[in-house]
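A closer look at the structure
Chain residues, written in single-letter form:
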Amino acid sequence: MITELVEKTRSCRRFEQKELPEEFMKSLVETARVCPSARNKQPLKYITIENHDFRNLLFPHLNWAGSLKNWDGPIEGERPTGYVVLILDKRISSSAGLDTGIVAQTMQLVAMEKGIGSCMLGAFIKENVAKLLELGDELEIQLILALGYPLEKRVIVDVKDESDVSYFRDDNQVHYIPKRSLESLLLRKI
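Residues numbered from 1 in each chain as written. Predicted model: local features only at pLDDT ≥ 70, side-chain atom pairs only at ≥ 80, totals over all residues. Heavy atoms only, no water.

With that settled, consider the overall build of the protein chain. Across its full length, the protein chain holds six helices and seven strands. The linear arrangement of helices and strands in the protein chain, starting from the amino end, is α-α-β-α-β-α-β-α-β-β-β-β-α. Against the compact-globule benchmark of 16 Å for 190 residues, the protein chain has a radius of gyration of 17 Å, which places it among compact chains. In terms of principal-axis extent, the alpha carbons of the protein chain reach across some 50 × 45 × 30 Å. For the protein chain, with 190 residues in total, the buried portion stands at 42%. In the protein chain, of all internal contacts separated by at least 6 residues, the share reaching a separation of at least 24 is 76%. Counting every atom, the protein chain has about 11300 Å² of accessible surface; 51% of that belongs to carbon and sulfur. Each charge sign in the protein chain was given a centre, from 26 positive and 28 negative side chains, and these centres are 4 Å apart. (Helix = DSSP H or I, 4+ residues; strand = E, 2+ residues; numbered from the N terminus. Rg over C-alpha atoms; globule rule 2.2 N^0.38 Å. Buried < 20%, exposed > 50% of the residue type's maximum accessible area, 1.4 Å probe, protein only. Contact = heavy atoms within 4.5 Å. Areas by Shrake-Rupley, 256 points an atom, 1.4 Å probe, with all protein chains shown as cover. Lys, Arg positive; Asp, Glu negative; His and termini not counted. Charge placed at Lys NZ, Arg CZ, Asp CG, Glu CD.)

Take a look at the structure:
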């Protein structure tokens, strides 16, 4: 059921060092290709990264888990085994609008359906990554989706303090994601 899949599709930041299935990354781009697009402009393009050496070149330019103050990201042996870079082609549109979120969430759901975890990375050194990928000025990185088989347990919990929705880890490195209650989100029924 889709609701269960959405609940399982939590940001994953530590991964097994098991390579992704052959053609998996291409299938994600195929899924993105048929996603809804504002005004059907389809301004997003993609770069998939599976090569181990290139993944190592990319990794230092990524920022991981801003709420985890004492954690610099996955250590060697726990890093993603694939990335999809979502890129706006400014020759088609000056903005990706909602397309980036629609595509990224859809890719995450498709990946989780196959047991592959993911993390949307919006915090990265854009200029360095663009240079590494040899992108021209007409191409602008919107988001990087990190992928791999989950190495960590992720658990949804109720928010205890409405002013603090920061995710956290316990001593066993279980990753907790606080979510606001339905009652606090549903303003009214008309």
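Still more to cover.
Positive phi is not limited to glycine here, since E23 has a value of about 70°. Here E23 shows up in the loop between α1 (2-8) and α2 (24-33). Judged by relative accessible area, which is 46%, E23 ranks as partly exposed. The residue A65 is not glycine, and still its phi comes out positive at about 50°. Relative to the elements of secondary structure, A65 occurs in the loop between α3 (52-58) and β2 (82-89).

The next point concerns helix α4 (residues 99-113). With 15 residues, α4 should reach 21 Å at 1.5 Å per residue; the first-to-last C-alpha distance of 21 Å fits that figure. Among the residues making up α4, those that are buried are D99, T100, V103, A104, M107, Q108, L109, V110, A111 and M112. A positive backbone phi angle near 80° is found at G115, which sits one or two residues after α4. (Expected span 1.5 Å × (residues − 1).)

To continue, consider the packing of aromatic side chains. By convention here, two paired aromatic rings are described through the distance between centres and the angle between planes. Scanning the entire structure with this criterion turns up two aromatic pairs. Ring geometry for F168 and Y176: centres 5.1 Å apart, planes at 15°, overall stacked. Taking the relative accessible area as the measure of exposure, F168 reaches 37% and is therefore partly exposed. For R79, the ring lying beneath its charged end belongs to F59, and the centroid distance is 3.8 Å. Sitting above the plane of the W71 ring, R169 keeps its charged end 4.3 Å from the centroid. (Phe/Tyr/Trp six-rings, centres within 6.5 Å; stacked < 30°, edge-to-face > 60°. Lys NZ or Arg CZ within 6 Å of the ring centre and 35° of its normal.)

Here the focus is the state of the cysteines. Using the criterion set out here, one finds zero disulfides in the structure. For C12, which is in no disulfide, the shortest distance to another cysteine sulfur is to C119 and amounts to 7.9 Å. The exposure class assigned to C12 is buried, which follows from its relative accessible area of 0%. (Disulfide = S-S within 2.5 Å.)

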